[in-house]
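Here is how the chains run, residue by residue.
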Amino acid sequence: MDKLLITGGSRLEGEVRASGAKNAALPILAATLLAEGECVLSNVPHLRDVTTTMELLGRMGVVLTVDERMHIHADASRVKNFEAPYDLVKTMRASILVLGPLLARFGEADVSLPGGCAIGARPVNLHIDGMRAMGAEISVENGYIHARAKRLRGIRYSMETVTVTGTENLMMAATLADGRTLLENAAREPEVVDLAHFLNSMGARVQGAGTDTIMVDGVDCLSGCKHHVLPDRIETGTYLVAAAMTGGRVRVRDTRADLLEPVLAKLRESGARVDTGNGWIEVDMDRRRPRSVNIHTAPHPAFPTDMQAQFCALNSIAEGVATVTENVFENRFMHVLEMQRMGADIQIEGNIAICRGVEQLTAAPVMATDLRASASLVLAGLVAEGDTLIDRIYHIDRGYDNIEEKFSALGGVIRRVHT
Ligand code: EPZ
């Protein structure tokens, strides 16, 4: 079982490239099922979740190839299997994203229910309710969603909760539906917008992505296209927080500042100098200790829940006391329990973590529990005294492209050990 071994104490300095966004690449890969021809995707991150999605699509009959420029070619013209089996879905909840495309194009989908995960129950009731409203016959039996539809019909549908993949699934389903669909209380995340751009490049008619109301006029068929996946704002933010925590100076390039304004605002509030330019963001902490900052997570354009764990790590060694309030998921403080083992003074009261910054964390063996929690343990290890050993790092490999190479290039002492 691989582990990450991190020796704390280095100031991070230098430049790192942001990879393509995992949470854009996954729905866009699923959306290739909608096309009658070949799609070519560039800037797709090299992640376990991406390879899992490609395996899932391959089992359905999508022909997938990767060219010498690492562009992914996906041709769904000969799809003949409409099932997303449990053995794959259990490793990646985002497999639910094939439901909308399969229903829209083939009128048939058998998708394993994604189980819960460490951060919460994560139901998919809104995905199912929306597609039923579009005319699909859906039964949930033996852990599978069985969905059939002659042709989905456009509807006006208001989601009771803002759901990112729920919005994405319904938006994809609506592209081939009969008539106009209005999705209200839609998620506004940049990854939803990138998916909409991809769908429109295929010939779909999606308007309003990025606002809380998305309008889709159904068409009869969609064709292949080329698409460059947008940068990963959460990976970007993770490296910027690492710079702030280590008193360093890091520039992230091939990224976009407009994707993570709330995160940059909190970094400035912590005392970091934040500069931005064409495709890059730089944080310079100039050997200073960060100040504690209060965090409240909420759907975009508010502060992203996927950056909450990283700011718990920052607050654990910052000067002062701050609260971190998690408003999206019901159990997203698993990283706090591990940081406490490293000497962090963080108390959890319901959905609020009260962080009292300490001068120094101390290394300890810790365990990754979910994707972003595991990244926050890497950050804690980078500033802790001694050698931190992180177990169950398959969580990290799902969402961070070459994390040890990138941190090593910045001067971090981090390596993968096989035990
Ligand atoms: C997406 O998950 C992301 N994953 C998550 O990133 C991210 O944390 C989350 O959005 C919030 O931004 C992908 O895009 C692949 P939600 P998603 O549906 O869509 C409730 C990461 O680290 N809900 O927006 O599954 C749900 O329980 C991952 O990269 C329902 O009740 O999240 C939650 O409380 C982790 N019923 C809230 O909505 C539903 O049918 C928001 O969840 C759907 C969701």
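All of these numbers come straight from a predicted model, not from anything done at the bench.

So, how was this worked out
- What you see as residue numbers is a count from 1 along each chain, following the sequence as written.
- Selection of residues for local features in this predicted model requires a pLDDT of at least 70, selection of side-chain atom pairs for listing and counting requires 80 or more, and totals for whole chains, interfaces and linings are taken over all residues.
- For side-chain calculations, the full set of non-hydrogen atoms in the structure is used, while hydrogens and water are omitted.
- Helix and strand assignments come from DSSP, with helices taken as H or I runs of at least 4 residues and strands as E runs of at least 2, each series counted from the N terminus.
- For the radius of gyration, the atoms used are the C-alpha atoms, and the globule rule reads 2.2 Å times the number of residues raised to 0.38.
- Note on definitions: a residue-residue contact is assigned when non-hydrogen atoms from the two residues lie within 4.5 Å.
- Note on areas: Shrake-Rupley, 1.4 Å probe, and residue coverage restricted to the protein chains presented here.
- Here the positive residues are Lys and Arg and the negative ones are Asp and Glu; neither His nor the chain ends is included.
- Note that the charge is assigned to NZ on lysines, CZ on arginines, CG on aspartates and CD on glutamates.
- We call a residue near a molecule or strand when any one of its heavy atoms sits within 4 Å of it.
- Whenever a nitrogen or oxygen atom comes within 3.5 Å of another N or O atom, the pair is scored as a polar contact, on the condition that within protein one atom can donate a hydrogen and the other can accept it, and that pairs from neighbouring residues in sequence are kept only if both atoms are in side chains.
- Ten residue types, Ala, Val, Leu, Ile, Met, Phe, Trp, Tyr, Cys and Pro, are classed as nonpolar, four, Asp, Glu, Lys and Arg, as charged, and the remainder, Gly among them, as polar.
- Burial classes: relative accessible area under 20% of the type maximum marks a residue as buried, over 50% as exposed, and values in between as partly exposed (1.4 Å probe, protein chains only).
- Pairing between strands is defined by DSSP: at least two bridges between the two strands are required.
- Interaxial angles span 0 to 180 degrees and are taken between N-to-C directions of axes, which are lines fitted to C-alpha atoms, for helices over the stretch in contact.
- When a carboxyl oxygen of Asp or Glu lies within 4 Å of a side-chain nitrogen of Lys or Arg, that pair is called a salt bridge.
- In these notes the angle categories are as follows: under 35 degrees is roughly parallel, over 145 is roughly antiparallel, 65 to 115 is roughly perpendicular, and the rest is oblique.
- Here a crossing is taken to be left-handed if its near helix is turned anticlockwise relative to the far helix by less than a right angle, and right-handed if that turn runs clockwise.

**Student:** How would you explain the overall build of the protein chain if you had to name every residue and give the values?
**Tutor:** The number of helices and strands found in the protein chain is 14 helices and 24 strands. Taking 2.2 N^0.38 as the reference for a compact globule, 419 residues should give roughly 22 Å; the C-alpha atoms of the protein chain span a radius of gyration of 21 Å, in line with that estimate. Referenced to the eigenvectors of the C-alpha coordinate spread, the extents of the protein chain come out at roughly 65 × 45 × 40 Å. Within the protein chain, contacts between residues at least 6 apart in sequence are counted, and of these 74% link residues at least 24 apart. In the form shown here, the protein chain has an accessible surface area of approximately 15,800 Å², with 47% of it arising from carbon and sulfur atoms. When the 44 positive and 53 negative side-chain charges of the protein chain are each reduced to one mean point, those points stand 1 Å apart.

**Student:** Tell me about the site of the ligand, and name the residues and values.
**Tutor:** Taken together, 22 residues are adjacent to the ligand, and Asn125, Thr163, Thr165, Asp306 and Val328 come closest. One nitrogen or oxygen atom from the main chain of Leu126 is found 2.8 Å from an oxygen atom belonging to the ligand. One of the side-chain N or O atoms of Thr163 is found 2.7 Å from an oxygen atom in the ligand. Burial of the ligand by the protein chains amounts to 87% of its free accessible area of 830 Å². Of all the secondary structure elements, the ones that give two or more residues to the shell around the ligand are helix H1 (22–31), helix H5 (125–133), helix H6 (164–174) and helix H12 (371–383). If one sorts the elements of the shell around the ligand by residue count, H5 sits on top with three residues. Taken together, the residues of the shell around the ligand break down into nine nonpolar, seven polar and six charged.

**Student:** Could you give an account of the environment of Gly58, naming the residues involved and the relevant values?
**Tutor:** Mapped onto the secondary structure, Gly58 falls in helix H2 (residues 48–60). The class for Gly58 is partly exposed, based on a relative accessible area of 36%. The spatial distance from the C-alpha of Gly58 to the C-alpha of Ala35 is 15 Å, given a sequence separation of 23 residues.

**Student:** A description of H5 should follow, citing residues and the corresponding values.
**Tutor:** One turn of an α-helix holds 3.6 residues; hence residues three or four places apart share an orientation. Of the positions making up H5, those classed as buried are Leu126, His127, Ile128, Gly130 and Met131. Each element contacted by the buried residues of H5 is listed here: helix H4 (99–106), strand E8 (137–141), strand E9 (144–148), strand E10 (156–158) and H6. Of the residues flanking the end of H5, it is Gly135, one or two places downstream, whose phi is positive at about 105°.

**Student:** Before we move on, could you go through helix H10 (residues 308–317) and cite the residues and values that matter?
**Tutor:** Within H10, 10 of the 10 residues are buried, which leaves the element mostly enclosed by the surrounding structure. By the burial criterion, the buried members of H10 are Gln308, Ala309, Gln310, Phe311, Cys312, Ala313, Leu314, Asn315, Ser316 and Ile317.

**Student:** Lay out the sheet that holds strand E13 (residues 213–217) with the relevant residues and their values.
**Tutor:** Pairing is mixed in the open sheet, where four strands are placed in the order E10-E11-E13-E12. Single-partner strands in this sheet number two, and they are E10 and strand E12 (205–207). Averaged over all pairs of adjacent strands, the angle between strand axes in this sheet comes to 15°, irrespective of strand direction. As paired elements, strand E11 (residues 180–184) and E13 share five bridges and run antiparallel to each other. From the neighbouring strand, Leu183 faces E13, where its bridge partner is Ile214.

**Student:** Could you give an account of the pattern of salt bridges, naming the residues involved and the relevant values?
**Tutor:** Within the structure shown, the criterion is met by 30 salt bridges. For Arg11, the salt bridge is made with Glu13, and the minimal N-O distance between the two is 2.8 Å. Salt-bridge contacts for Arg253 lead to Glu15; the nearest nitrogen and oxygen are separated by 2.8 Å. Taken together, the positions of Arg253 in strand E15 (residues 249–253) and Glu15 in strand E2 (residues 13–17) put the pair 238 residues apart, joining distant regions of the chain. Taken together, the shared-partner salt bridges connect Asp2, Arg48, Asp397, Glu404 and Arg416 into one network.

**Student:** Please set out the packing of helix H8 (residues 233–246) against H12 residue by residue, giving values where relevant.
**Tutor:** Interhelical geometry of H8 versus H12 gives an angle of 20° and a closest axis separation of 9 Å. With respect to H12, the element H8 is oriented roughly parallel. Viewed along their axes, H8 and H12 form a crossing whose handedness is right-handed. From H8, Ile234, Thr238, Val241, Ala242, Met245 and Thr246 reach across to H12, where they touch Arg372, Ala375, Leu379, Ala380, Leu382 and Val383. Looking at side-chain class alone, the contact of H8 with H12 contains nine nonpolar, two polar and one charged residues.

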